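Remarks on the overall topology
Okay, here's what each chain looks like letter by letter:
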Amino acid sequence: MKLIVKVFPEITIKSRPVRKHFIRQLAKNIRSVLRDLDPQLLVSGVWDNLEVETAISEAKTLQAMIERLSCTPGIAHFLQVDEYPLGDFDDVLDKCKQHFGDRLPGKVFAVRCKRAGKHAFSSMDIERYVGSQLRQQCGAAGIDLKQPEVEVRMEIRDQRLFVIHNQHQGLGGYPLGSLEQTLVLMSGGFDSTVAAYQMMRRGLVTHFCFFNLGGRAHELGVMEVAHYLWQKFGRSQRVLFISVPFEEVLGEILGKVDNSQMGVILKRMMLRASTHMAEKLQINALVTGEAISQVSSQTLPNLSVIDAATDMLVLRPLIASHKQDIIDTATAIGTAEFAKHMPEYCGVISVNPTTRAKKDRIEYEERQFDMAILERALERATLLPIDKVIDELGKDIKVEEVNEALASHVIIDIRHPDSAEEQPLELPGIEVQTLPFYALNSRFKELDASRQYLLYCDKGIMSRLHAHHLLSEGYANVRVYRPA
């Protein structure tokens, strides 16, 4: 199989050195992306088009190659072709008839030819000749240049003829590795996954930074979607998955900071931590999935105060996007199913959050915060090559759910204290304890190890994730309570 790769049009208007740099990087990426499918793959071309050639004939492998190239940044589209030495008009006619003759009887068709190089004829000359002869010889119903049922397509490049069978759409953008690196603040939801995709599509190498508020299970969920994004759109580059344990940071905020200021301060702590990681790794910019006024912390005054926590450039590719457009993109790229099952940490957001944060007030509230806790979180951060993340996912543990509590059970209400107070869980004859999610992992060891504990929250997501984490820590007396 031979493919002609057409590069993203913006690449072709670059200066000669930049254009060559981008083309070389794209060729390198294509080899990297397809190497495991065909170690002998040939990629050639240094100026406008790249030619990809493989001796592999197995249909499943060829389809895998096409799918990977379709998701490789830098490619506008690519053509599946057969190549021949350029002969006279009758030879070109013969090759086109060989490939399209059986599709023309009773159909209206058009002949399209693109030409590069010096020839004694024009593209229109060969289109007219081949078109008229195919109509006479193949029983076609006629020629229609605007709405043909069949397109006979070819390219002539110097002394080579390419008969085109299929055209496959690419991602566009610039080749990964030709531009700078970014660090995406990754929650695993709709917004952050689409923001990461937008950066990768534009050609920016994208590392992932996750702030762990939900224990091992939440971490695994975000690892999984990050690995999916890298494998589908960024596998030509080696990137990192960074996990920063942030439960203690959150606990400090919830215990020390005024309720209305919590959301903004949490975001500022995340920017400080991600800036530290980016500087350590010599990464050029941070990326978030924020969109104007989608939630309270994303108003313009709040974003301005949040950004003041760092001197590093913060990119927000979704800043003017509508939520439904973000969800539609997530569906198209395959991250929506992951996002649907990610928890939304309602307890992290203030009950009455400010939408017009003042820098002086925020700084006052932050003076109540013990910054040593943030430093400890950074010291405990883990950095894992994204291609090794799949090994972690294999360590998953199932969580048992029960619909009815027994008298011997202890139900632990892990909701935020405000929610537990407003809507207390009351079950006659069943012991209920309140232990908020941000304190659960550190205090569970203090509980009676001989008892059986059922974790409870409104939607069942938080309780499932924290039960998963405790099970992975070796506690066997944990399940999830989901009333029928």
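Preceding this section is the structure that the text describes.
Definitions and cut-offs
- Residues numbered from 1 in each chain as written.
- Predicted model: local features only at pLDDT ≥ 70, side-chain atom pairs only at ≥ 80, totals over all residues.
- Heavy atoms only, no water.
- Helix = DSSP H or I, 4+ residues; strand = E, 2+ residues; numbered from the N terminus.
- Rg over C-alpha atoms; globule rule 2.2 N^0.38 Å.
- Buried < 20%, exposed > 50% of the residue type's maximum accessible area, 1.4 Å probe, protein only.
- Areas by Shrake-Rupley, 256 points an atom, 1.4 Å probe, with all protein chains shown as cover.
- Pairing = 2+ DSSP bridges.
- Core = buried A, V, L, I, M, F, W, Y, C linked by side-chain atoms within 4.5 Å.
- Contact = heavy atoms within 4.5 Å.
- Arc of directions from axis to C-beta.
- Polar contact = N/O pair within 3.5 Å; in protein donor to acceptor, adjacent residues only side chain to side chain.
- Phe/Tyr/Trp six-rings, centres within 6.5 Å; stacked < 30°, edge-to-face > 60°.
- Lys NZ or Arg CZ within 6 Å of the ring centre and 35° of its normal.
- Axes fitted to C-alpha atoms, helices over the stretch in contact; angles between N-to-C directions.
- Parallel < 35°, antiparallel > 145°, perpendicular 65-115°, else oblique.
- Left-handed = near helix turned anticlockwise from the far one by under 90°.
- Expected span 1.5 Å × (residues − 1).
- Salt bridge = Lys/Arg side-chain N within 4 Å of Asp/Glu carboxyl O.

**Thoughts on the overall build of the chain**
A count of helices and strands for the chain gives 18 helices and 19 strands. Relative to the compact-globule value of 23 Å for 484 residues, the chain shows a C-alpha radius of gyration of 29 Å, a clear excess of over 25%. In terms of overall dimensions, the chain has a C-alpha envelope of 90 × 50 × 40 Å along the principal axes. Expressed as a percentage of the 484 residues in the chain, the buried residues total 54%. Of the roughly 22700 Å² of accessible surface on the chain, 48% is carried by carbon and sulfur atoms.

**Comments concerning the sheet that holds strand β19 (residues 478-481)**
One open sheet holds the five strands; their spatial order is β15-β19-β18-β16-β17, and the pairing between them is parallel. Since the sheet does not close on itself, it has two edges, and those belong to β15 (401-402) and β17 (431-434), each with one partner. Both strand β16 (residues 409-413) and β17 contribute to a ladder of four bridges, which runs parallel. Each bridged residue has a counterpart across the sheet, and for isoleucine 412 the counterpart in β17 is glutamine 433.

**Some points on the nonpolar core**
If you look at the biggest cluster of nonpolar residues, it comprises 55 residues, and the most contacted ones within it are Phe246, Val249, Ile253 and Ile412. Per-element tally for this core: the top contributor is helix α9 (residues 262-281), with 10 residues. If we ignore the near neighbours within four places in the chain, the residues touching valine 249 are Met269, Phe369, Ile373, Leu374 and Ala377. Counting 36 residues, the second-largest nonpolar core is a separate cluster that includes Cys71, Phe208, Val239 and Ile333.

**Here we look at unusual backbone geometry**
Excluding glycine, residues mostly have negative phi values, and the peptide bonds linking residues are mostly trans. A positive phi angle, close to 55°, is found at aspartate 158, a residue other than glycine. Looking at the secondary structure, you find aspartate 158 in the loop between β7 (150-157) and β8 (160-169).

**Considerations on helix α13 (residues 359-366)**
All buried positions along α13 are accounted for by Ile362, Glu365 and Glu366. Take α13 and look down its axis: the buried residues cluster within an arc of 100°, on one side only. Buried residues along α13 sit in contact with α8 (247-256), α9 and α10 (300-307).

**Topic: the environment of serine 187**
Looking at the element boundaries, serine 187 is found in the loop between β9 (181-185) and α6 (190-201). As for serine 187 and proline 17, which are separated by 170 residues in sequence, their C-alpha atoms are 38 Å apart. When residues no more than four places from it in sequence are discounted, the contact partners of serine 187 are Ser192, His218, Val222 and Met342. A distance of 3.3 Å separates a polar side-chain atom of serine 187 from the backbone nitrogen of glycine 189.

**Notes on the packing of aromatic side chains**
Counted according to the given criterion, the structure contains 11 aromatic pairs. Pairing tyrosine 228 with phenylalanine 338 gives two aromatic rings, centres 5.3 Å apart and planes at 45°, and the pair type is tilted. Separated by 110 residues along the polypeptide, tyrosine 228 in helix α7 (residues 215-234) and phenylalanine 338 in helix α12 (residues 336-340) bring together distant segments of the chain. Residues phenylalanine 444 and tyrosine 453 carry aromatic rings whose centres are separated by 5.5 Å and whose planes lie at 75° to one another, so their mutual orientation is edge-to-face. A single burial state applies to phenylalanine 444 and to tyrosine 453, both of which are buried. Through a chain of ring-to-ring contacts, three or more aromatic side chains come together here, namely Phe8, Phe22 and Tyr174. One residue, lysine 95, lies across the ring of tyrosine 84, its end atom 5.3 Å from the ring centre.

**What about the packing of α8 against helix α14 (residues 371-379)?**
Between α8 and α14, whose axes approach to 9 Å, the crossing angle comes to 165°. The angle between α8 and α14 places the two elements in the roughly antiparallel class. For the pair α8 and α14, the crossing hand works out as left-handed. Mapping the contact onto sequence places Glu248, Val249 and Glu252 in α8 and Ile373, Leu374, Arg376 and Ala377 in α14.

**What about the environment of glutamate 375?**
Among the structural elements, glutamate 375 can be located in helix α14. When the C-alpha positions of glutamate 375 and alanine 273 are compared, they lie 8.5 Å apart, and in sequence the two are 102 residues distant.

**Observations concerning helix α2 (residues 16-34)**
The terminal C-alpha atoms of α2, which comprises 19 residues, lie 27 Å apart, in line with the 27 Å expected from a rise of 1.5 Å per residue. All of the buried residues along α2 are Arg19, Phe22, Ile23, Gln25, Leu26, Ala27, Asn29, Ile30, Val33 and Leu34. Where the residues of α2 are buried, they touch β1 (2-7), α1 (9-12), β2 (42-44), β3 (49-53), α3 (59-70) and β4 (75-85).

**Description of the pattern of salt bridges**
Side chains that differ in sign of charge can pair as their charged atoms come close. Enumeration over the complete set of coordinates arrives at 27 salt bridges. Put simply, lysine 95 and aspartate 91 hold a salt bridge, and the shortest N to O gap is 2.8 Å. Here lysine 95 pairs with aspartate 91, and both are found in helix α4 (residues 89-100), just four residues apart, close to one helical turn. In this structure aspartate 91 comes out as partly exposed when scored by relative accessible area, which is 22%. Aspartate 387 is the salt-bridge partner of arginine 238, the closest N and O atoms lying 3.5 Å from each other. Note that arginine 238 is positioned in the loop between α7 and β11 (240-245) and aspartate 387 in the loop between β14 (382-385) and α15 (389-393), a separation of 149 residues in sequence. Look at the salt bridges and you will find they share partners, linking Lys2, Glu51, Glu53, Glu83 and Arg160 into a network.

**Describing the pairing of β4**
Counting buried residues in β4 gives eight out of 11 residues, a clear majority hidden from the surface. Examined bridge by bridge, β1 and β4 share six bridges and lie antiparallel to one another. Across the sheet, residue valine 7 finds its bridge partner in β4, namely isoleucine 75.

**What to know about the sheet that holds strand β13 (residues 314-315)**
Strand order in the open sheet formed by six strands is β13-β12-β9-β10-β11-β14, with mixed pairing between adjacent strands. One side of each edge strand has no neighbouring strand; the edge strands of this open sheet are β13 and β14. Sheet topology places β9 next to strand β10 (residues 205-212); five bridges connect them, and they run parallel. Bridge pairing links threonine 182 to threonine 206 in β10.

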